[in-house]
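Listed here are the chains, written in short residue letters.
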Amino acid sequence: MEKTKILVVDDEKEIVNLIKIHLTNEGYEVITATNGINGLKILDNHHIHLVILDIMMPDINGLEVCRNIRQRLNIPILMLSAKSEDMDKIMGLSTGADDYMTKPFNPLELVARVKSQLRRYIYLNPNKPSNLYENIINIDELTINYDNHTVCLYDKEIDLTPKEFEILFLLASNRGKVFRTEEIFEKVWKERFFDSSNTVMVHIRKIREKIEMNSRKPRFIKTVWGVGYKFEK
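For clarity, every value in this text was computed on a predicted model and none was experimentally measured. (Residues numbered from 1 in each chain as written. Predicted model: local features only at pLDDT ≥ 70, side-chain atom pairs only at ≥ 80, totals over all residues. Heavy atoms only, no water.)

### Regarding the sheet that holds strand 8 (residues 150–153)
Sheet strands pair by backbone hydrogen bonding; their relative direction is either parallel or antiparallel.
Step number 1: Taken in spatial order, the four strands of this open sheet run 6-7-8-9, and their pairing is antiparallel. Of all strands in the sheet, those bounded by a partner on one side alone are strand 6 (136–139) and strand 9 (156–158). Pairwise comparison of adjacent strand axes, ignoring direction, gives a mean angle of 20 degrees for this sheet.
Step number 2: Here strand 8 runs beside strand 9; their pairing, made up of three bridges, is antiparallel. Bridge pairing links Cys152 to Glu157 in strand 9.
Step number 3: Those strands touched by helix 6 (residues 162–172) are strand 6, strand 7 (142–145) and strand 8, and its axis lies near 110 degrees from that of strand 7. (Pairing = 2+ DSSP bridges. Helix = DSSP H or I, 4+ residues; strand = E, 2+ residues; numbered from the N terminus. Axes fitted to C-alpha atoms, helices over the stretch in contact; angles between N-to-C directions. Contact = heavy atoms within 4.5 Å.)

### Description of the packing of helix 2 (residues 36–45) against helix 3 (residues 62–72)
Step number 1: At a closest axis distance of 10 Å, the pairing of helix 2 and helix 3 adopts a crossing angle of 15 degrees. Classified by the angle their axes make, helix 2 and helix 3 are roughly parallel. Considering how the two elements wind past one another, helix 2 and helix 3 form a crossing that is right-handed. The residues of helix 3 that touch helix 2, namely those facing Gly36, Leu40, Leu43 and Asp44, are Val65, Asn68, Ile69 and Arg72.
Step number 2: For the contact of helix 2 with helix 3, the class distribution of residues is four nonpolar, two polar and two charged. (Parallel < 35°, antiparallel > 145°, perpendicular 65-115°, else oblique. Left-handed = near helix turned anticlockwise from the far one by under 90°. Nonpolar A, V, L, I, M, F, W, Y, C, P; charged D, E, K, R; others polar.)

### Some words on unusual backbone geometry
Step number 1: The amide bond that connects Lys103 to the next residue, Pro104, takes the cis arrangement and shows omega of -10 degrees.
Step number 2: Position of Pro104 relative to the elements: it lies in the loop between strand 5 (99–102) and helix 5 (107–124).
Step number 3: One non-glycine residue, Asp155, lies in positive phi territory at about 65 degrees.
Step number 4: Note that Asp155 resides in the loop between strand 8 and strand 9.
Step number 5: A relative accessible area of 79% places Asp155 in the exposed class. (Buried < 20%, exposed > 50% of the residue type's maximum accessible area, 1.4 Å probe, protein only.)

### So, the pattern of salt bridges
Step number 1: The tally for this structure, following the rule as stated, stands at 15 salt bridges.
Step number 2: Notably, a salt bridge pairs Arg113 with Asp99, separated by 3.0 Å at the nearest N-O pair. With Arg113 in helix 5 and Asp99 in strand 5, this residue pair connects regions lying 14 residues apart in the sequence.
Step number 3: On the basis of relative accessibility, which here comes to 16%, the residue Asp99 falls in the buried class.
Step number 4: Close ionic contact of Asp140 with Arg219 constitutes a salt bridge, the shortest N to O distance being 2.5 Å. In this pair, Asp140 is assigned in the loop between strand 6 and strand 7 and Arg219 in the loop between helix 8 (197–211) and strand 11 (221–224), connecting sequence segments 79 residues apart.
Step number 5: Overall, Asp140 belongs to the exposed group, its relative accessible area being 61%. (Salt bridge = Lys/Arg side-chain N within 4 Å of Asp/Glu carboxyl O.)

In structure tokens, the structure reads:
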């Protein structure tokens, strides 16, 4: 079982070292970056479970980095800032951050918030793999990589939206299991299901158009009439 990996992005080395010491003592693997560009590169090459991100950085600020992460990943983001104004907090949260702390902060409180976010993330993502080898699914000529949210068919990358990817990964990581439409909606959209069967159906159709040789006779994603969908074993 791989360790939970936390990325800390902050241009203040003393802050980075302080955070790393406390999180390492809790058993986490901590990877660090002193600017946003390097932080994003690390995300491309590592399976990161949570990001601690400073707002004020010299190259690209934390808000821009946060927006970039949110376009690709659904992992928890905890923002740090030397500013305490409400507007800075609102901006941080509105760009996709899950939590916000003002410097200087109590390291023990930071650890507690990290644990809380990770518990919530794992609870809301029961289909998220916890083992490194389950992050990459190979099914014949189809490869699904959760680490960088890519899908390749015959070694050619397929362009999926974030929701399309989540649906595909959910089904592919539970091959043979039939998911009701409402189950798919609640797991992917993280909202209560009302009458959104058409939303799921449209996304399934688009996925099939992108990964199936014949979307009318799908090989991978099968419809179980009157029940839902499953990924063929």
